[in-house]
Every structure is written in structure tokens, then in C-alpha cells.
Amino acid sequence: MIGRFVYHHPVFDKNAPAAQAGHEEISGVNRTHYCGVYWAYVFHEDGRKSALAACKYFGKRL
Ligand SMILES: Cc1cc2nc3c(=O)[nH]c(=O)nc-3n(C[C@H](O)[C@H](O)[C@H](O)COP(=O)(O)OP(=O)(O)OC[C@H]3O[C@@H](n4cnc5c(N)ncnc54)[C@H](O)[C@@H]3O)c2cc1C
């Protein structure tokens, strides 16, 4: 055993929906892109969706 780690699902607070709605506003500004499941419901498919949204800016798609 090289380490022990504790993982938790994120718990969104009441401000989360408003923050998530600001994705388009901040992502891509100064060539900085924000990608992660936290932009949606924190499931694997949200990660895929978020990655594809970031890739779109680079002209890449699957
Ligand atoms: C216990 C558990 C069970 C789960 N089970 C399921 C499931 O059954 N089905 C499902 O759909 N989803 C599940 N999930 C959710 C799924 O794991 C996550 O949705 C997904 O892994 C998150 O991907 P992400 O790339 O957005 O974030 P992460 O996988 O958290 O990746 C973020 C990365 O950024 C790095 N990082 C953070 N801060 C910095 C920094 N300042 N500089 C550089 N790097 C940084 C971190 O080290 C990490 O590698 C589970 C999650 C947990 C914790």
C-alpha cells in the first residue's frame, strides 16, 4: 500500500446553478478553458460533454 485516499462526491450549494450558468461567460477568456464534471451533474458523461465543449474551441471534435 502506497497511500490511502478519501474521495467524496461534490455537494453543490444553492449558488451552484448560477455559477454553472456562467460557463460561457468565463471559459475561453484569455485562452483559458474550464473543463470538468462540476459544470453539470458530476457524472462521467458530464465530463465528456465538458471536454467536448472545450475541444470545440480548438476545432476538435469526436
Ligand atoms: C467515490 C466516487 C464515485 C463515483 N462514481 C461515479 C459513477 O459511478 N458514475 C459516474 O458517472 N461518476 C462517478 N463519479 C464521478 C466521477 O468520478 C467524476 O465525475 C469524474 O472523475 C470527474 O472528472 P473531472 O475530470 O471533472 O475531475 P477530476 O477527476 O476530479 O479531475 C480533476 C483533476 O484536476 C487536478 N487538479 C485540481 N486542482 C488542480 C490545480 N490547481 N492544478 C492542477 N491540477 C489540479 C486534480 O488532481 C485532478 O487530477 C464518482 C466520484 C467519486 C468520488
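All values derive from a computational prediction rather than experimental measurement.

Caption draft 1: Spotlight on the overall build of the protein chain. What the protein chain contains, in helices and strands, is three helices and zero strands. Taken from N to C terminus, the helices and strands of the protein chain fall in the order α-α-α. Computed over the C-alpha atoms, the radius of gyration of the protein chain is 14 Å, more than 25% above the 11 Å expected from 2.2 N^0.38 for a compact globule of 62 residues. Taken over the C-alpha atoms alone, the protein chain extends approximately 40 × 30 × 20 Å along its principal axes. Pairs at least 24 apart in sequence give 24% of the contacts found in the protein chain among residues at least 6 apart. Entry remark: accessible area of the protein chain is about 5,800 Å², with carbon and sulfur atoms responsible for 59%.

Caption draft 2: Just the site of the ligand, in detail. The environment of the ligand is made up of Tyr 7, His 8, His 9, Gly 36, Val 37, Val 42, Phe 43, His 44 and Glu 45. One nitrogen or oxygen atom from the main chain of His 44 is found 2.6 Å from an oxygen atom belonging to the ligand. Residue composition of the shell around the ligand, grouped by class: four nonpolar, four polar and one charged.

Caption draft 3: How the structure looks around a nonpolar patch on the surface. Among the surface-exposed residues, Phe 12, Ile 26, Tyr 34 and Tyr 38 lie close enough to one another that they form a single nonpolar patch of about 360 Å² accessible area. Assignment of secondary structure puts Tyr 38 in the loop between helix H2 (23-26) and helix H3 (44-56). Residue classification places Tyr 38 among the partly exposed positions, given a relative accessible area of 39%.

Caption draft 4: Summary view of the packing of aromatic side chains. Under the definition given, this model contains one aromatic pair. Both rings, one in Tyr 38 and one in Trp 39, keep their centres 5.3 Å apart while their planes meet at 40°; by these two values the pair is tilted. For Trp 39, a relative accessible area of 17% gives the class buried. The ring centre of Tyr 57 lies 5.8 Å from the NZ or CZ of Lys 56, which sits over that ring.

Caption draft 5: Examining unusual backbone geometry more closely. With phi around 60°, Arg 31 is a residue other than glycine that occupies positive phi space. Overall, Arg 31 belongs to the exposed group, its relative accessible area being 78%. Positioned with a positive phi, Val 42 is a non-glycine residue whose angle comes to about 75°.

How each quantity is defined
- Residues numbered from 1 in each chain as written.
- Predicted model: local features only at pLDDT ≥ 70, side-chain atom pairs only at ≥ 80, totals over all residues.
- Heavy atoms only, no water.
- Helix = DSSP H or I, 4+ residues; strand = E, 2+ residues; numbered from the N terminus.
- Rg over C-alpha atoms; globule rule 2.2 N^0.38 Å.
- Contact = heavy atoms within 4.5 Å.
- Areas by Shrake-Rupley, 256 points an atom, 1.4 Å probe, with all protein chains shown as cover.
- Near = heavy atom within 4 Å.
- Polar contact = N/O pair within 3.5 Å; in protein donor to acceptor, adjacent residues only side chain to side chain.
- Nonpolar A, V, L, I, M, F, W, Y, C, P; charged D, E, K, R; others polar.
- Patch = residues over 30% accessible without salt bridge, like charges linked within 9 Å, V, L, I, M, F, W, Y side chains within 5 Å.
- Salt bridge = Lys/Arg side-chain N within 4 Å of Asp/Glu carboxyl O.
- Buried < 20%, exposed > 50% of the residue type's maximum accessible area, 1.4 Å probe, protein only.
- Phe/Tyr/Trp six-rings, centres within 6.5 Å; stacked < 30°, edge-to-face > 60°.
- Lys NZ or Arg CZ within 6 Å of the ring centre and 35° of its normal.

Just distances and angles here, no functional claims.
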